[in-house]
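Fold and geometry: a report
As a plain string of letters, each chain reads:
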Amino acid sequence: MIVIFGLVAGALLGVRSASKRGGNRLDMAQYAAVGGIIGALLGLFATIGLEKIL
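Described below are features of the structure shown in this document. Note that the structure is a prediction, hence the values are computed from the model and not measured. (Residues numbered from 1 in each chain as written. Predicted model: local features only at pLDDT ≥ 70, side-chain atom pairs only at ≥ 80, totals over all residues. Heavy atoms only, no water.)

Considerations on the overall build of the chain
The condition is simple: Runs of E in the DSSP output that reach at least two residues are strands. Runs of H or I that reach at least four are helices, and both are numbered from the N terminus. Radius of gyration here uses only the C-alpha atoms, and the compact-globule reference equals 2.2 Å multiplied by the residue count raised to the power 0.38. Partly exposed describes any residue whose relative accessible area lies between the buried limit of under 20% and the exposed limit of over 50%, with all areas from a 1.4 Å probe on protein chains only and scaled to the type maximum. Calculation of accessible area relied on Shrake-Rupley with a 1.4 Å probe; when residues are assessed, cover is drawn exclusively from the protein chains displayed.
The secondary structure content of the chain amounts to 2 helices and 0 strands. In summary, the chain has a C-alpha radius of gyration of 13 Å against a globular reference of 10 Å for 54 residues, an excess of more than 25%. By principal-axis analysis of the C-alpha atoms, the chain measures approximately 45 × 15 × 10 Å. The buried share of the chain, taken over its 54 residues, is 20%. Carbon and sulfur atoms form 73% of the exposed surface of the chain, whose accessible area is close to 4,200 Å².

Right, here's the structure in full:
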């Protein structure tokens, strides 16, 4: 669940970042993909960390 949230949040932040920089739709898609990957990885590490604690 945390991974999915990280994926969606990263993609939304990526789109917002690209639109602030004046990017077109392809730029927004690329930023969304990269942001989604980074968010999913952070969510994965958070999930693993929580499982180790619990």
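From this point on, the discussion continues.
A short note on helix α2 (residues 25-53)
Just so we agree on the cut-off: Multiply 1.5 Å by the residue count of a helix minus one, and that product is the helix's expected span. The contact criterion used throughout is that any non-hydrogen atoms of two residues lie within 4.5 Å. Contacts described as polar in this section are N or O atom pairs within 3.5 Å, which, within protein, must combine one atom able to donate a hydrogen with one able to accept it, while residues neighboring in sequence count only if both atoms come from side chains.
Between its first and last C-alpha, α2 extends 41 Å over 29 residues, near the 42 Å set by a 1.5 Å rise per residue. Here α2 has its buried residues at Ala32, Gly35, Gly36, Gly39, Ala40 and Gly43. Along its buried surface, α2 packs onto α1 (2-20). Where α2 starts, the residue carrying a side-chain oxygen 3.3 Å from the main-chain nitrogen of Leu26 turns out to be Asn24.

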